[in-house]
Amino acid sequence: MNIKIFLLLFSYIILTNSNSNFYSIKVTFVKGSYFQPPIDTHLIDTLINIPSIKKCAFICERHNICRTADYNITTKTCRLFETVTSAGAFVADPTTNILPFNYCTNDQQIEPFYVCTRGNTYSMQQIFDQLALAPNITLASTDRGAYANMYGVYTSNSTGGLSFFTYTGVRNSLIQLQSEISNINSATNNGLGIVQYFNNSSSIYKNTGTSFQPQLVSILNISLSSTPYSCLITLQYTYITYGSSLVLMTIHDLSSGSMLFSIPSTNKTFRPVVSHWNDTIIILDQYVATEYTLNGTYKGNWTYFNGTQISQRHCIQHDYAGQRHTCNSGNGTYPGIYTFLMNGTQLAHGPTLCARAIQVYITKDQAMLINIPSTAIMNIINF
C-alpha cells in the first residue's frame, strides 16, 4: 500500500486550553486511507457536510477525547476517533485521508509509553501518583462493575442496581434488575452489555435516551448453562466468560444470541474477565492473560506475575492508546492497579486499594480513576 504523509498548513498551531495555557500540536494527514480503530466503540462520531479537511481537523482538536480523524473528500464526511493513530490500522481508500494528532512535545516520549495531553507529557506512574492525592468522590450504591466513557460512568451493584454518574459525581438511577450485575461493558450502536450473576443470563441494552440522561431498553437476552461473570460485545459477536466453571468462554451471535463456540478450561476458573484490542480477545484469570482470535482460536498467553491468584476478583481494561490496566484484589499477593504495554511490559503501579472493577479514563485535559475496593470511589485530576 502506497501511503503518503503530508503536513497540513496548521501544523504546530499554537492554541490555548480551558485554563488559558498555551500548547502546540503537530497535525499531519495520511493520504489515501481510512482509519480502523482497535475498539469499535472508539468511533466517537460521524459528521456529514463538513466542507474541508481543515475544518474536520479543527473539530477533532476541539473535541475533548478526539485523537484521530479521517475525512472523505467525496462525501465530505468527517469521522472522529478516541484512539491514537498508532494503535489502529490504515485501510487503503483513495477518497479518504487520515488526520493523526500528536500532542507529545518530545519525540522520545510517545504514547502509549507516555500520556500526552494538551498541556504536558506524563508517565502513567506520574498520573497514578497525582490521582492518589486527589479528593475522593463516592459513587453511591456501587460495589460491583463500572464502565466509563466520555460522558460519565455506568456502575452496578450486588442487588441489581444500574446507575449513571457524571464526572462531577451526580447520579442518575437508570434501572433495577432482579439480581446482581457483575460486569458492564460497551456495546455497538450506543448500547450497553451487562452480565447478571445469579440468574445465568446476559443482557444487551440499548440507550434510547441521551448520553447525559440514558434510558435503557433490553434488546437481547441470552440464557446460559453456567454462571456468567464478564462480557464483551463487538460488531459481530458477544463473548461471555464464566466464574467457577470448566467453561472459560462462549462466543454468541450478536443478533440472535445463539452460541457459536465454546472454550473449555483445563483448570476451574474463578472470575475471568474479557477484553479486546484489534483482532485479539484477552481473558484475564488469576495471573494469566490468555489471548484468542475473534472467532476463538488460541493465540498464546502471558503471565504478568509468578504464581497463581485464586479466590480474588480481577479486572482488565484497555485505554485509547493500548495501555492495559489491571486490578488485583487488595487481599492478594500483588495488590493494586497495574498498567502494562500490550507486550507485558509494566509501566506503573497504582493505588493499592483495588478489589473489583476499575476504569482509567484519560482525556486531553483530565484523568479519571474509578476504583471499587468496596464502594466505588472516583478521583479526578486536571492537566
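Look up: the structure comes first, before these words.
The text that follows walks through the structure, step by step, so that each part is easy to find. (Residues numbered from 1 in each chain as written. Predicted model: local features only at pLDDT ≥ 70, side-chain atom pairs only at ≥ 80, totals over all residues. Heavy atoms only, no water.)

Overview of the overall build of the chain
Here's step 1: For the chain, the count of helices and strands is 2 helices and 33 strands.
Here's step 2: At 20 Å, the chain has a C-alpha radius of gyration in line with the 21 Å of a compact globule built from 383 residues.
Here's step 3: The buried share among the 383 residues of the chain stands at 58%.
Here's step 4: Restricting to contacts in the chain with at least 6 residues of sequence separation, those with at least 24 account for 49%.
Here's step 5: Each charge sign in the chain was given a centre, from 20 positive and 17 negative side chains, and these centres are 4 Å apart. (Helix = DSSP H or I, 4+ residues; strand = E, 2+ residues; numbered from the N terminus. Rg over C-alpha atoms; globule rule 2.2 N^0.38 Å. Buried < 20%, exposed > 50% of the residue type's maximum accessible area, 1.4 Å probe, protein only. Contact = heavy atoms within 4.5 Å. Lys, Arg positive; Asp, Glu negative; His and termini not counted. Charge placed at Lys NZ, Arg CZ, Asp CG, Glu CD.)

Quick look at the packing of aromatic side chains
Any aromatic ring pair is given by two values, namely how distant the centres are and how the planes are angled relative to each other.
Here's step 1: For the structure shown, the criterion picks out 19 aromatic pairs.
Here's step 2: Consider the rings of Y147 and Y154, whose centres lie 6.2 Å apart with planes at 10°: the pair is stacked.
Here's step 3: For Y147, a relative accessible area of 15% translates into the label buried.
Here's step 4: Look at Y154 and you get buried, because its relative accessible area is 5%.
Here's step 5: Ring geometry for F305 against Y338: centres 4.8 Å apart, planes inclined by 70°, an arrangement best described as edge-to-face. Here F305, found in the loop between strand 26 (298-303) and strand 27 (314-318), pairs with Y338, found in strand 29 (residues 336-340); they are 33 residues apart in sequence, far enough to count as distant. Of the two residues examined, F305 and Y338, each falls in the buried class.
Here's step 6: Among the aromatic residues, ring-to-ring pairing joins Y287, W302, Y304, F305, Y334, Y338 and F340 into one connected group.
Here's step 7: Geometry around F101 places K364 over its ring, the cationic atom sitting 5.9 Å from the centre. (Phe/Tyr/Trp six-rings, centres within 6.5 Å; stacked < 30°, edge-to-face > 60°. Lys NZ or Arg CZ within 6 Å of the ring centre and 35° of its normal.)

Things to note about unusual backbone geometry
Glycine aside, negative phi is the norm for most residues, and most peptide bonds take the trans geometry.
Here's step 1: The omega angle of the peptide bond from E111 to P112 is 10°, so this bond is cis rather than trans.
Here's step 2: Tracing the backbone shows P112 in the loop between strand 7 (89-102) and strand 8 (115-116).
Here's step 3: Notably, N49 is not glycine yet its phi reads approximately 60°, a positive angle.
Here's step 4: With respect to the helices and strands, N49 occurs in the loop between strand 4 (43-47) and helix 1 (53-62).

Topic: the sheet that holds strand 30 (residues 346-349)
Here's step 1: Judged by pairing direction, the sheet is antiparallel, and its 4 strands sit side by side in the order 27-28-29-30 without closing on themselves. Two strands in the sheet have a free side with no partner beyond their single neighbour: strand 27 and strand 30. Taking each pair of neighbouring strands and ignoring which way they run, the sheet shows an average axis angle of 20°.
Here's step 2: When strand 27 meets strand 28 (residues 324-328), the two strands line up antiparallel, connected through 5 bridges. Residue pairing across strands places C315 opposite C327, the latter belonging to strand 28.
Here's step 3: Here helix 2 (residues 124-133) sits on the sheet and contacts strand 28, strand 29 and strand 30; the angle it forms with strand 30, its principal contact strand, is near 10°. (Pairing = 2+ DSSP bridges. Axes fitted to C-alpha atoms, helices over the stretch in contact; angles between N-to-C directions.)

Digging into the pattern of salt bridges
Here's step 1: All chains considered together, the criterion is met by 8 salt bridges.
Here's step 2: The partner of R144 in a salt bridge is D143, with the nearest N and O atoms 4.0 Å apart.
Here's step 3: Where D279 meets K299, a salt bridge forms, and the shortest distance between an N and an O atom there is 3.9 Å. You can see D279 sitting in the loop between strand 23 (273-277) and strand 24 (280-285) and its partner K299 sitting in strand 26, a full 20 residues away along the chain.
Here's step 4: Judged by its relative accessible area of 42%, K299 is partly exposed.
Here's step 5: Three or more residues joined by partner-sharing salt bridges are found here, namely E61, R62, R118 and D365. (Salt bridge = Lys/Arg side-chain N within 4 Å of Asp/Glu carboxyl O.)

Let's talk about helix 1
Here's step 1: Of all the positions in helix 1, only I53, C56, A57, C60 and E61 are classed as buried. Projected onto a plane normal to the axis of helix 1, the buried residues spread over an arc of 135° and lie on a single side. (Arc of directions from axis to C-beta.)

Looking at the side chain of T166
Here's step 1: By the element assignment, T166 lies in the loop between strand 13 (161-165) and strand 14 (171-176).
Here's step 2: A relative accessible area of 17% means that T166 is categorised as buried.
Here's step 3: Side-chain polar atoms of T166 contact the side chain of T168, separated by 2.8 Å. (Polar contact = N/O pair within 3.5 Å; in protein donor to acceptor, adjacent residues only side chain to side chain.)

Section: the state of the cysteines
Here's step 1: Scanning the entire structure with this criterion turns up 4 disulfides.
Here's step 2: Here C104 engages in a disulfide with C116; their sulfurs sit 1.9 Å apart. A torsion of 95° about the S-S bond marks the disulfide between C104 and C116 as right-handed. With a gap of 12 residues between them, C104 in the loop between strand 7 and strand 8 and C116 in strand 8 connect regions that are remote in the sequence. Taken as a pair, C104 and C116 share a single burial class, namely buried.
Here's step 3: Cysteine pairing for the chain (bonded cysteines numbered in sequence order): 1-4, 2-3, 5-6, 7-8.
Here's step 4: Looking at the unpaired C231, the closest cysteine sulfur is the one in C315, lying at 12 Å.
Here's step 5: There is no disulfide at C315, and the cysteine sulfur nearest it, in C327, is 6.2 Å away.
Here's step 6: Accessibility expressed as a relative area gives 11% for C315, which makes it buried. (Disulfide = S-S within 2.5 Å.)

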